[in-house]
Amino acid sequence: TAEPPKGLKSNLLRAYSSLDDDWFTEAGNVSKGCQQAFRKMLFGLFFFHGLIQERCNFGPLGWNIPYQFSEQDRQISADQLKIFLQDQDPVIPYKALCYTCSECNYGGRVTDADDRVTIAKIVTDFYCPDILKEDYKFSPSGIYYAPKFTNKEGYMDYIKSLPINQEPEIFGLHANANLTCAINEVMAMLSTANSMQGAGSGGDGGKSSDEILAEMSAKYLNEIAKPFDTEAASAKYPVDYHESLNTVLNQEMLRFNKLIVRVRSSLADVGKAVKGLVVMDANLDEVATGILRNTRPSYWMKVSYPSLKPLSSYVADLVARLTFFSNWERDGHPPTYWISGFFFTQSFLTGILQNYARKFQLAIDTLGWQYNVMKKSFADQETFTKPETGCYVHGLFMEGARWDDDAGCIAESLPKVLFSEIPYMHWDPLEKHKDDTDMNRIYMSPLYKTSERKGVLATTGHSSNRVMTLNFKISAKHTGKYWTKRGVAALCALDT
């Protein structure tokens, strides 16, 4: 197998050097206009091919799942471009070309729904009427563009003049993406090094691994509360036709109890195993290794909510979630909800919609959401009042952009700030046919549980990571496509 070349410049050079001279010369020769359009759009196609391969270097900002696009994808797209242009000259079927390229040839490899949206948006930068104009640039810097009509050597000369290292702006990404890329590389290296380290002997006055295990297992065991009393909760919050969140609370407690029981029992057994009271099996050994290396044991994660946090942060996060639900159970339904704290967030959203549907005698499948981002000052009030309809939520973050509190829309990230907090939001159900939102002034942002973004599709039709789509207002100088190429997404939790 041939490895794809590193860098946009190398990718373009390989594409043109592998072209058959006769095929390139004869393509589009039915008319002068057809041949000029073909060579412009062929350069656009080769650029598109290199661009989507290089986006993989930026992790989830580029693609949720790293795809292995091949030269065969590029070649079949080039053949189709030639056939479409020659057969339909002088008409150029841009929509058909975009569809066959992004949905069929390259899109056949793209399995994630949000990635399919991204690739469909990117291809329209290259298969469009503007590419035939001489002043059309592929990036704001103006470095990259489709050269004037020339021969194969002329295109290769232009490619050789391009910079070796490309900036994130050519991919539609913010300059912070380089920082994200570098952090991901270093974290992967450190993770590998961490997995190879020994347990340590505790020499030179340091604590032995047994002492660390005994101390940390006792500390975590003390911090994590005992399982919820689900019988008492069911009695206090019975099934109620007008309050679906009673059922949501009970179901969440059952899910957390399953995790709490496993975490507490394994921590207790690790403490006993250190003293020689129980035999250390494979699961306990995994938990012990996790404690020593500050990594999440997969034995816990099998019954846990998705998380990328190190063990110490994971335990702190779990304690915060348990506190949220114990306060809910003790004090009644809260006026605001920590949306990141739910085990199965979709059940909470369904509960809110059910309450609205039953209150106003509507069919639940006719309802949608209206998302209003509150001012940051909203969080400063001492007491919150529950809204008439819908719910106030908090605890979300934005990657790839930030929320501009003054302008009331999405804005560019600040330099070196990779994640920004989203203020309190009011999620309000409404009938879909009454929604008068101008979708041209909206960015439809996916909401994920973790920054990994990719997930596994369950039999219920829900992704294990994707929660829903949020609508954020955008400024007049930007489009939804601009932020899609930026890889902007909302997250429930960070990695730290």
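So, how was this worked out
- Residues numbered from 1 in each chain as written.
- Predicted model: local features only at pLDDT ≥ 70, side-chain atom pairs only at ≥ 80, totals over all residues.
- Heavy atoms only, no water.
- Phe/Tyr/Trp six-rings, centres within 6.5 Å; stacked < 30°, edge-to-face > 60°.
- Buried < 20%, exposed > 50% of the residue type's maximum accessible area, 1.4 Å probe, protein only.
- Helix = DSSP H or I, 4+ residues; strand = E, 2+ residues; numbered from the N terminus.
- Lys NZ or Arg CZ within 6 Å of the ring centre and 35° of its normal.
- Polar contact = N/O pair within 3.5 Å; in protein donor to acceptor, adjacent residues only side chain to side chain.
- Contact = heavy atoms within 4.5 Å.
- Axes fitted to C-alpha atoms, helices over the stretch in contact; angles between N-to-C directions.
- Parallel < 35°, antiparallel > 145°, perpendicular 65-115°, else oblique.
- Left-handed = near helix turned anticlockwise from the far one by under 90°.
- Nonpolar A, V, L, I, M, F, W, Y, C, P; charged D, E, K, R; others polar.
- Arc of directions from axis to C-beta.
- 1 Å grid on protein atoms, 1.4 Å probe; cavity = no way out; pocket = protein on both sides within 12 Å on 5 of 7 lines; lining within 4 Å.
- Points joined across faces, edges and corners; volume = space filled by probe spheres on them.

Another aspect to go through is the packing of aromatic side chains. Following the criterion strictly, the structure yields 48 aromatic pairs and no others. With a centroid separation of 5.6 Å and an interplanar angle of 25°, the aromatic rings of Tyr305 and Tyr314 are classed as stacked. Taken as a pair, Tyr305 and Tyr314 share a single burial class, namely buried. An angle of 65° between the planes, with centres 6.3 Å apart, marks the rings of Trp369 and Trp427 as edge-to-face. Within this pair, whereas Trp369 is found in strand E2 (residues 367-373), its partner Trp427 is found in strand E8 (residues 425-431), the two being separated by 58 residues in sequence. Judged by relative accessible area, Trp427 falls into the buried class, the value being 0%. Lying across the ring of Tyr305, Arg321 places its NZ or CZ 3.6 Å from the centre.

Turning our eyes to something else, we now look at the side chain of Lys40. Looking at where Lys40 falls in the secondary structure, it is placed in helix H3 (residues 32-54). Residue classification places Lys40 among the buried positions, given a relative accessible area of 5%. At 3.2 Å, the side chain of Lys40 forms a polar contact with the side chain of Glu134. Lys40 has contacts with Ile131, Leu132, Lys133, Glu134, Ala146, Pro147, Lys148 and Tyr155, leaving out every residue within four places of it along the chain.

Remark: H3 packs on helix H4 (residues 71-88), axes separated minimally by 10 Å, with the N-to-C direction vectors making an angle of 160°. What the angle tells us is that H3 and H4 run roughly antiparallel. Taken as a pair, H3 and H4 cross one another with a handedness that is right-handed. When H3 is examined against H4, the residues Cys34, Ala37, Phe38, Met41, Leu42, Leu45, Phe46 and His49 are found in contact with a partner set consisting of Glu71, Arg74, Ser77, Ala78, Leu81, Lys82, Leu85 and Gln86. Grouping the constituent residues of the contact of H3 with H4 by class yields ten nonpolar, three polar and three charged.

Take the environment of Ser234 next. With respect to the secondary-structure elements, Ser234 resides in helix H10 (residues 230-236). Residue classification places Ser234 among the partly exposed residues on the basis of a relative accessible area of 37%. For the pair Ser234 and Asn250, spaced 16 residues apart in sequence, the C-alpha to C-alpha distance is 6.5 Å.

Turning our eyes to something else, we now look at helix H6 (residues 113-123). At 3.6 residues per turn, the α-helix brings residues three or four places apart onto the same side. Looking at H6, one finds that the buried residues are Asp114, Asp115, Thr118, Ile119, Ile122 and Val123. Along H6, the residues classed as buried sweep out an arc of 165° about the axis, all on the same side. The elements touched by buried residues of H6 are H3, helix H5 (94-105), strand E9 (442-448), strand E10 (466-473) and helix H16 (480-486).

Moving on: the layout of surface pockets. By rolling a water-sized probe across the atoms, one finds the places where empty space is left. By volume, the largest pocket amounts to about 1,200 Å³. Residue lining of the largest pocket: 32 residues in total, with Asn184, Met187, Leu308, Ser451 and Asp495 positioned closest to the centre. For the lining of the largest pocket, the leading source of residues is helix H8 (residues 176-196), giving nine residues. Residues that form the lining of the largest pocket fall into these classes: 14 nonpolar, eleven polar and seven charged.

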